[in-house]
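# Notes for the structure review
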Amino acid sequence: MKIKYKIALYYTISAALMLIAFAVLAYYFSAKSRKAEYLERLEYRARSIANVIIEDGNVKVDLLRKLDRTTFQDLYKETILVYNPSYDLLYSNLKDTTIRTHPRLLNFIKENKLYSYDKGSGEVVGVYYTEGDVSVIVIVSSFDKYGFQNLRNLSQILLLELITAVIVLVGVGYFFARKMVEPIDQLVQQVDSINANNMHDTQVAVKGKDEIAKLGANFNTMLQRLSESFHLQKSFVSNASHELRTPLAAIISQLQVALSKDRSREEYLALLTSVLEDAENLSDLSNGLLQLAQSEMRQQEFVLSNVRIDELLMEMTTLIRLKQKTPSKVEIHFVKVPDNDSMVTCYGNENLLKVLFLNLIDNACKFSENNTAWVSIDFYTQYILVQIKDNGIGIPPEEINKIFEPFYRGRNALQIRGHGLGLSICKKIVQIHNGHITVTATPSEGTTFAVILPHI
């Protein structure tokens, strides 16, 4: 069932139940009021009869008979019974003279002065009336013809109103439900038209400040993130395919040339050296892709521990010498000496932090004129600052914002071996550790990367 039908149904049912409850209460209190009013009227009638028949200390029923034959009776199906204190019937307007009242009822009326009850033909009121030394018991019964007729009319009116109200509620409920769900229907139609091809330039319309507008705004945000993810994925697949194809094609072509005819030992040695270089290039690319995929994992999926950043940087000297084919040098110094180890200790993943600083220092050594990287360690109240500097060719200002994209390489760095994955991996690792990485570069002074990590 659609939401608008559910809203209309729930609205109609709840409103109908409330109207039914009000109608039942109205009928109940009307019936109760009718009964109380009619019993009061019967009591007044009984006391009036007793007052009429007692005169000068005697009970004169002849006057009651005379009045009964004229205009005294004005109640529908009225019966009048008059008894003396000895329970002798003094007067009855019933033709059946054998009808008598049970002594226990008469005794109860005498003791309690007043009694009323319902019977099938109407209400009954009994009054024990005393005037001077004379007492009588008067029992009056009657059927409230007009009262019950009014109740029947009221029940018919209430039933008709309920049927009309339910019909109106169904229409009104459906109208308002359709108006309420209309923005959702529009949102569904717009979302249904979005696919992978038009995601980048498409957004759903957002109007108002209600929950549906908030949903639309959140959907646009999600759409933008998905668009960026799809774009990066497409770019990654395209660049990765291209980068993997280049060394593989070089290896295959060189081996095909080598197998075309016999060659000298020196030629084979040169060929194997070239193939080895391409294989190492392919290995570096594969490792970079694996590191990039690993850096996409969430922080909760890594094993975290306390890592001394200064000790980690000290290890970089040995790792860089093993990685670099040319002699390289890493100079590390503290801007100020820490009072305790916690000032230079980060809570993170040691392997990822090694990859982070190894990539940055390796780049600094490759781009420096003398293959030297300068590393400074500083700390503040809540974070550690590590700066890696080189004195190389720098980065053009218009390319500063692009260097952290996967496979992107600056125009002035194309002649240096690399794949453009290192800095994007570094940025992901810094983000995993809730830190920041920035870069400043000038052609004359080289490039400086600043890594900010929270310490424990």
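Residues numbered from 1 in each chain as written. Predicted model: local features only at pLDDT ≥ 70, side-chain atom pairs only at ≥ 80, totals over all residues. Heavy atoms only, no water.

## Thoughts on unusual backbone geometry
Even without being glycine, K77 reaches a positive phi, approximately 50 degrees. Relative to the helices and strands, K77 resides in the loop between α2 (61-69) and β3 (79-83). Although it is not a glycine, N434 adopts a positive phi angle of roughly 60 degrees. In this structure, N434 sits in the loop between α9 (422-432) and β13 (436-442). What makes N434 exposed here is its relative accessible area of 54%. (Helix = DSSP H or I, 4+ residues; strand = E, 2+ residues; numbered from the N terminus. Buried < 20%, exposed > 50% of the residue type's maximum accessible area, 1.4 Å probe, protein only.)

## Regarding the UniProt feature "transmembrane region" (unreviewed entry) in the chain
Feature annotation in UniProt places "transmembrane region" (unreviewed entry) on residues 7-29 and 157-177, given in this structure's numbering. For the annotated span residues 7-29, helix accounts for 100% and strand for 0% of the residues, and the straight-line distance between the end C-alpha atoms is 33 Å. Secondary structure across residues 157-177 comprises 100% helix and 0% strand; the distance between its end C-alpha atoms is 29 Å. (UniProt positions renumbered as here; feature names shortened; annotations may be inferred.)

## Brief notes about the sheet that holds strand β14 (residues 446-454)
In space, the five strands of this open sheet follow the order β9-β11-β12-β14-β13, with mixed pairing throughout. Both edges of this open sheet fall to β9 (329-334) and β13, since each of them pairs with a single strand only. Going across the sheet, the axis of each strand differs from the next one's by a mean of 15 degrees, ignoring polarity. Most of the contacts of helix α7 (residues 309-323) go to β9, to which it runs at about 165 degrees, and overall it touches β9, β11 (372-379), β12 (383-389) and β14. Here α9 sits on the sheet and contacts β13 and β14; the angle it forms with β13, its principal contact strand, is near 145 degrees. (Pairing = 2+ DSSP bridges. Axes fitted to C-alpha atoms, helices over the stretch in contact; angles between N-to-C directions. Contact = heavy atoms within 4.5 Å.)

## Thoughts on the environment of E369
Locating E369 in the fold gives a position in the loop between α8 (350-367) and β11. Exposure remark for E369: the relative accessible area of 69% places this residue in the exposed category. Distance in space between the C-alpha atoms of E369 and D390 is 8.4 Å, their sequence separation being 21 residues.

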